[in-house]
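# Breakdown of the fold
Given next are the chains, with one letter for each unit.
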Amino acid sequence: MTQKRKDTPSYEHFLAKQDKETQYRLKGKVWRGKDYKTNTYKDNNKQISTGHKALDAQIEGWPLGATTEITHSQLGIGEIRLLIPALRELQQRQIGPRRIIWFTPPLKPHAPALVKLGLDLSLLTLVETRSIADTLWACEQALLSGACAATVCWTHSYSLSNRELRRLQLAAQRHNTWSVLFRDQRFIEQPSMSRLRLSIKSNRRSQLVVNIKKQPGKWADQTITLSIPPFYENWQRLPAELLPVPAWQRLPEQTHGNKQKLKLISNNSQRVTVIMPFSQIQAVH
């Protein structure tokens, strides 16, 4: 067995020889296995609750000033609802920016559903671009600007390089902004500079199964099963006239045989702000 040489300098000895600026940059950024119980990372970085007790117990909240990478095998399994509690809290805080920016989501967001979940659409911006290079540039500029509380970016089937991931990570650190990346499931085994990495999938009970692939200051490979509200998945299979809608939304509609049929109406006129095409992006006030 190879033994460690006694004259090998320790990390503390190496850090003591560096200048003050280097010490400041490295302090709290290097985690070692012996620090598992103390978890010094949390003392040097801010975090926000995920809104899910089981997930908070494992990762102690979403890390701010860092990139959170979430991989999924299919769309619409609850990936947005996983983020909603934290996004809602960021929009309601009293100090700091509150705008949330989404970059190139694969599906068009449903504004009434977002309002029902508690998001303020006046503080939600959707950016669509023509290429992945434009998407990454726009996301990095948003993080560097310090004008938003969080960015949510979908990279679809594009394989991000370490350089691209590192740029987003450093940009998020500039103003302590929460950066979220949604990526395809096949990239989960690739090395990544993202500080927190999760893999999600849905089980037969429409629950969200979250596997922690990487997290700051603690071990990984834990699996958590979350039942994320609202619990109306089975309602989607019902005819429109049987959906549980408020009485004020029900209007009688004459049909054959003097029978009454329910007609659903919407009273929500709010819309998500869409900025497109990319060449015409302007500041949103």
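Residues numbered from 1 in each chain as written. Predicted model: local features only at pLDDT ≥ 70, side-chain atom pairs only at ≥ 80, totals over all residues. Heavy atoms only, no water.

## What about the overall build of the chain?
- Per the secondary structure count, the chain includes eight helices and 13 strands.
- Within the chain, the proportion of its 285 residues that are buried is 38%.
- The contacts of the chain with a sequence gap of at least 6 include a subset with a gap of at least 24, amounting to 63%.
- For the chain, the exposed area adds up to about 17,600 Å²; of that, 51% sits on carbon and sulfur atoms. (Helix = DSSP H or I, 4+ residues; strand = E, 2+ residues; numbered from the N terminus. Buried < 20%, exposed > 50% of the residue type's maximum accessible area, 1.4 Å probe, protein only. Contact = heavy atoms within 4.5 Å. Areas by Shrake-Rupley, 256 points an atom, 1.4 Å probe, with all protein chains shown as cover.)

## Description of the packing of aromatic side chains
- Tallying each qualifying case throughout the model produces three aromatic pairs.
- Relative to tryptophan 154, the ring of tryptophan 102 has its centre 5.8 Å away and its plane inclined at 70 degrees; by these criteria the two rings are edge-to-face. Here tryptophan 154 lies in strand E6 (residues 150-156) and tryptophan 102 lies in strand E4 (residues 100-103), a separation of 52 residues in the sequence. The two residues tryptophan 102 and tryptophan 154 agree in class, both being buried.
- Overall, tryptophan 154 belongs to the buried group, its relative accessible area being 5%.
- These aromatic residues form a ring-pair network of at least three members: Trp102, Trp154 and Phe182. (Phe/Tyr/Trp six-rings, centres within 6.5 Å; stacked < 30°, edge-to-face > 60°.)

## Considering the environment of glutamine 47
- Its place among the elements puts glutamine 47 in strand E1 (residues 47-48).
- A sequence separation of twelve residues divides glutamine 47 from isoleucine 59, and the C-alpha atoms of the two residues are 9.8 Å apart.

## Some details on the state of the cysteines
- Throughout the structure, instances matching the rule amount to zero disulfides.
- Here cysteine 148 is not cross-linked by a disulfide; its sulfur's nearest cysteine counterpart is in cysteine 139, at 7.9 Å.
- Accessibility expressed as a relative area gives 2% for cysteine 148, which makes it buried.
- Of the cysteine sulfurs around cysteine 153, a residue in no disulfide, the closest is that of cysteine 139, at 4.6 Å.
- By relative accessible area, cysteine 153 is classed as buried at 0%. (Disulfide = S-S within 2.5 Å.)

## A look at the pairing of strand E5 (residues 124-127)
- In E5, alternate side chains face the same way, and those of Leu124 and Leu126 on one face and Thr125 and Val127 on the other are all buried.
- Across four bridges, E4 lies against E5 in parallel orientation. Residue pairing in the sheet places isoleucine 100 in a bridge with leucine 124 of E5.
- The parallel pair E4 and E5, bridged by helix H6 (residues 111-116), forms a crossover whose chirality is right-handed. (Pairing = 2+ DSSP bridges. Right-handed = clockwise from strand over helix to strand, strands pointing away.)

## A short note on the environment of isoleucine 132
- Its place among the elements puts isoleucine 132 in helix H7 (residues 132-145).
- The class for isoleucine 132 is partly exposed, based on a relative accessible area of 26%.
- A sequence separation of 25 residues divides isoleucine 132 from serine 157, and the C-alpha atoms of the two residues are 10.0 Å apart.
- Excluding residues that lie within four positions of it along the chain, isoleucine 132 makes contacts with Thr155 and Tyr158.

## With respect to the side chain of threonine 155
- In this fold, threonine 155 is placed in strand E6.
- For threonine 155, a relative accessible area of 2% gives the class buried.
- Among all residues touching threonine 155, those that are not within four sequence positions of it are Ile132, Leu136, Leu160, Leu181, Phe182 and Arg183.

## A short note on the nonpolar core
- The biggest cluster of nonpolar side chains holds 37 residues, and the ones touching the most others in it are Trp62, Leu82, Leu83, Trp102 and Trp178.
- One finds Val127, Cys153, Leu165 and Leu181 within the second-largest nonpolar core, a separate group that totals 16 residues. (Core = buried A, V, L, I, M, F, W, Y, C linked by side-chain atoms within 4.5 Å.)

## Some remarks on the pattern of salt bridges
- Here the structure, examined in full by the defined rule, presents four salt bridges.
- In this structure, the salt-bridge partner of arginine 183 is glutamate 69, at a minimum N-O distance of 3.1 Å. One end of the pair, arginine 183, is in strand E7 (residues 178-184); the other, glutamate 69, is in strand E3 (residues 66-72), and 114 residues separate them in sequence. (Salt bridge = Lys/Arg side-chain N within 4 Å of Asp/Glu carboxyl O.)

## Here's the deal with H7
- Between its terminal C-alpha atoms H7 stretches 20 Å, which fits the 20 Å expected from 14 residues at 1.5 Å a residue.
- Buried within H7 we find Thr135, Leu136, Ala138, Cys139, Glu140, Ala142 and Leu143.
- Turning to H7, the residues buried within the fold contact E4, E6, helix H8 (162-174) and E7.
- Glycine 146, located one to two residues past H7, shows a positive phi value of around 75 degrees. (Expected span 1.5 Å × (residues − 1).)

## Focus on unusual backbone geometry
- Positive phi outside glycine occurs at glutamate 60, with the angle close to 60 degrees.
- Mapped onto the fold, glutamate 60 is located in the loop between helix H4 (53-59) and strand E2 (62-63).
- Since its relative accessible area comes to 27%, glutamate 60 is described here as partly exposed.
- The phi dihedral of threonine 104 is positive, around 45 degrees, even though this residue is not glycine.
- Along the chain, threonine 104 falls in the loop between E4 and H6.

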